[in-house]
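Analysis of the macromolecular model
Spelled out, the chains give:
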Amino acid sequence: MDKLAIVVPCYNEEEVLHIATEALVGVLDDLASKGKIAKESFILFVNDGSKDRTWELIEEEHKAHPIQVRGVKLAGNVGHQYALTAGLITAKDMCDVTVSIDADLQDDVAVIEEMIDKFHAGNDIVYGVRKERKTDTFFKRTTAQGFYKLMDKMGVKTVYNHADFRLMSRRAVEEFSKYEETNLFLRGMVPLIGYQTDCVYYDRKERVAGESKYPLKKMLALAFNGISSFSVKPISMILGLGIAIVIISILAAIYAFISYFTGHVVQGWTSLILSIWFFGGLQLLAIGLVGQYIGKIYMEVKHRPRYNIEKILSTEDDKED
Ligand code: UDP
Ligand code: MG
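In every chain, residue numbers begin from 1 and rise along the written sequence. Here every chain gets a letter starting at A, and every ligand a number starting at 1, in the order they are written. Where local features are concerned, this predicted model is filtered to residues with pLDDT of at least 70; where side-chain atom pairs are given and counted, the filter is 80 or more; whole-chain, interface and lining totals use all residues. Working from all heavy atoms in the structure, the side-chain values ignore hydrogens and water.

**Describing the coordination of the magnesium ion (ligand 2)**
Counted only if it meets this: As a rule, N, O and S atoms within 2.8 Å of a metal are its donors, except that Na, K and Ca use 3.2 Å; water is not among the atoms, so sites may look incomplete. Relative accessibility thresholds used throughout: buried, under 20% of the residue-type maximum; exposed, over 50%; partly exposed, between the two (1.4 Å probe, protein chains only).
On the protein side, the magnesium ion (ligand 2) has Asp104 (OD) and Gln106 (OE1) as donor atoms, found 1.8 to 2.0 Å from it. On the basis of relative accessible area, glutamine 106 is assigned to the buried category, the value being 11%.

**So, the site of ligand 1**
For clarity, the cut-off: Here a residue counts as near a molecule or strand whenever at least one of its heavy atoms sits within 4 Å of it. Two N or O atoms count as a polar contact when they lie within 3.5 Å, although within protein this holds only if one can serve as hydrogen donor and the other as acceptor, and sequence-adjacent residues are included solely when both atoms are side-chain atoms. Note on areas: Shrake-Rupley with a 1.4 Å probe; residue coverage comes only from the protein chains shown.
Around ligand 1, a shell composed of 19 residues is seen, among which Glu13, Asp48, Asp104, Ser212 and Lys213 lie nearest. A distance of 3.2 Å separates an oxygen atom of ligand 1 from a polar atom in the side chain of asparagine 77. Here an oxygen atom of ligand 1 sits 2.9 Å away from a polar atom, N or O, in the side chain of arginine 204. A total of 530 Å² of accessible area belongs to ligand 1 in isolation, and the protein chains cover 95% of it.

**Details of the pattern of salt bridges**
Just so we agree on the cut-off: By definition, a salt bridge exists where a carboxyl oxygen of Asp or Glu is found within 4 Å of a side-chain nitrogen of Lys or Arg. A run of H or I in DSSP counts as a helix once it spans at least four residues, and a run of E counts as a strand once it spans at least two, with each numbered from the N terminus.
All told, the structure shown has 21 salt bridges when counted by the stated rule. For aspartate 30, the salt bridge is made with lysine 34, and the minimal N-O distance between the two is 3.2 Å. Assessed through its relative accessible area of 44%, lysine 34 is described here as partly exposed. Arginine 171 is the partner of aspartate 124 in a salt bridge, and the nearest nitrogen-oxygen pair spans 2.8 Å. In this pair, aspartate 124 sits in the loop between helix H4 (112-120) and strand E5 (125-130) while arginine 171 sits in helix H6 (residues 170-176), placing the two residues 47 residues apart along the sequence.

**Notes on the sheet that holds E5**
Inclusion rule: Two strands qualify as a pair provided DSSP detects at least 2 bridges between them. Lines are fitted to the C-alpha atoms to define the axes, a helix being fitted only along its stretch in contact, and any angle between axes, read from their N-to-C directions, falls within 0 to 180 degrees. By definition, residues are in contact when any of their heavy atoms lie within 4.5 Å.
If you trace the seven strands from one edge of the open sheet to the other, you get E3-E2-E1-E4-E6-E5-E7, paired in mixed fashion. Edge positions in the sheet fall to strand E3 (69-73) and strand E7 (197-202), since each of these pairs with one other strand and no more. Strand-to-strand, the axes of this sheet are offset by a mean angle of 25 degrees, without reference to chain direction. Summarising the sheet, strand E1 (residues 4-10) and strand E2 (residues 42-47) pair through six bridges and their orientation is parallel. Paired with valine 7 across the bridge in E2 is leucine 44. Across the sheet, helix H2 (residues 54-64) touches E1, E2 and E3, and the angle it forms with E3 is around 150 degrees.

**Some details on the packing of helix H1 (residues 14-33) against H4**
Test applied: Angle categories are assigned with fixed cut-offs, so that under 35 degrees is roughly parallel, over 145 is roughly antiparallel, 65 to 115 is roughly perpendicular, and the rest are oblique. The sense of a crossing depends on the near helix, which, turned anticlockwise from the far helix by less than a right angle, makes the crossing left-handed and, turned clockwise, makes it right-handed.
Packing of H1 against H4 leaves a shortest axis separation of 10 Å and a crossing angle of 45 degrees. With respect to H4, the element H1 is oriented oblique. By crossing handedness, the relation of H1 to H4 is classed as right-handed. Of the residues in H4, those touching H1 at Leu24, Val27, Asp30 and Leu31 are Ile112, Glu113 and Ile116.

What is shown is where atoms sit, not what they do.
Below, the structure written as structure tokens:
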């Protein structure tokens, strides 16, 4: 029977911790009684340096449910993406499959069952995808959707309307742990792993209590990090712009020479206008070119795994574990 670990990053979540525990323990009991997961399955709360009583509450819940509630206490606040990574990597040695979910229960815990079913059907990663964003404010909805579109334009592969509510098998987390980069953007990294994947759909609800720990500033930082960690397209855009301006400068040269020879120009205008266009374009082109090398260096220093072998067919060793 597969042992499930539900990984929950928590930052100042004292208002929701108990409600979240009850809901998730309920899910564990239900799935265990249906024989879909092992009885030793558990919730792993990751306290991300909370300033309130979150950690004390996690300890209390652990006393009340010694097997089903476990906790990791990070030494300080490192942010959602890092807290979640810490939880997943800690959990992978204690379980067969993980599900990550936010503490505020905005994501529907009822679809965890469907995720497990899809895992048993052979999927290593199952994405939780929001059907609609009715409960989000207009502002959050439009900014978030604009963000997904922009990511797509920049060539970052993400799953539309999927945040960090997802199932990952142990081997998927194992593979993920080989991504040693410091700037984490999980939604972009997980699709790089490969394996068979699927989605489950749900309606996103309101936070059960407390308020968002993702103010606009953190959201923008996440968006910028997402693009800058996955794409060197902005650099290519500079190069493209440089090339375009050099071409325009050639057209401007033709125009300037025609004006010069028809004689209706102020002294010095021709040379002035030509140097402005030409050198402007040349500079952008040069910056873009240097940028291309920096982009390559950037991708190299990430030391990402270059491939992930799923299976080998060979005559020598036909055993499968
Ligand atoms: N979170 C975290 N560290 C942080 C900020 C948030 O671990 O620095 C957790 C938070 O406790 C919650 C999840 O990340 O479980 C998502 O945060 P939130 O619900 O506030 O974001 P929103 O749903 O508003 O985007
Ligand atoms: Mg939330």
